[in-house]
Amino acid sequence: NLVLMDEPFSYVDFANKYKLVQVINQLRDEKQFLIAAHELEMVNYADEVIVLKGGRITFKGRPELLTEELLSSVYDFKVRKLKVSGMTFFTPDL
């Protein structure tokens, strides 16, 4: 039972994004999810992530192993990794 989702969080407001994450979490025991997302905070809900650059895999593994260096090389600008209340966030280092 595989559910494919392409950018399910795009154009969704904060409240509905939270509801969608709750539904996915409720169904995790029954189904596997493959979610394509550009929003980096979604790694907080993933068991495994795959990072692409130029159509090639540059990283595959546990989300907590994502580094500032890796994402800086993917985005071609300095990226900072922040931890807030147990959640991981990535932001441009301006």
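In this text, all values refer to a predicted model and were calculated from it rather than measured experimentally.

1. Considerations on unusual backbone geometry
- Phi at E7 takes a positive value of approximately 50 degrees, unusual for a residue other than glycine.
- Residue E7 is classed as partly exposed on the basis of its relative accessible area of 21%.
- A positive phi angle, close to 50 degrees, is found at S85, a residue other than glycine.
- Counting through the fold element by element, S85 comes out in the loop between β5 (79-84) and β6 (87-92).

2. Describing the pattern of salt bridges
- Summed over all chains, the structure comprises six salt bridges.
- Of the charged contacts in the structure, one is a salt bridge between K17 and E39, with a shortest N-O distance of 2.6 Å. Remark: E39 occurs in the loop between β2 (32-36) and β3 (49-53) and K17 occurs in helix α1 (residues 14-27); sequence separation between them is 22 residues.
- What makes K17 buried here is its relative accessible area of 14%.
- One network of salt bridges, with partners in common, ties together K17, E39 and E41.

3. Concerning the nonpolar core
- In this structure, V43, V49, V51, F59, L66, L70, L71, V74, V79 and F90 together form the largest nonpolar core, which totals 10 residues.
- Looking at which element gives the most residues to this core, the answer is helix α2 (residues 68-75), with three residues.
- Each residue touching V51, except ones within four places of it in the same chain, is listed here: R56, I57, T58, F59, L66, L71 and V74.
- Among the nonpolar cores identified, the runner-up in size contains five residues, and M5, F9, I24 and M42 belong to it.

Thresholds applied
- All chains use their own residue numbering, which begins from 1 and follows the written sequence.
- Restriction of local features to residues with pLDDT of at least 70 applies here, the model being predicted, together with a cutoff of 80 or more for giving and counting side-chain atom pairs; totals for whole chains, interfaces and linings are based on all residues.
- Excluding hydrogens and water, the side-chain figures rest on all heavy atoms present in the structure.
- Relative accessible area decides the class of each residue, using a 1.4 Å probe on protein chains only: under 20% of the type maximum gives buried, over 50% gives exposed, and in between gives partly exposed.
- Strands are runs of DSSP state E lasting at least two residues, helices are runs of H or I lasting at least four, and both sets are numbered from the N terminus onward.
- When a carboxyl oxygen of Asp or Glu lies within 4 Å of a side-chain nitrogen of Lys or Arg, that pair is called a salt bridge.
- Only buried Ala, Val, Leu, Ile, Met, Phe, Trp, Tyr and Cys residues count toward a nonpolar core, and they belong to the same one when joined by side-chain atoms within 4.5 Å.
- Residue contacts are counted whenever heavy atoms from the two residues lie within 4.5 Å of one another.

Keep in mind these values describe shape, not function.
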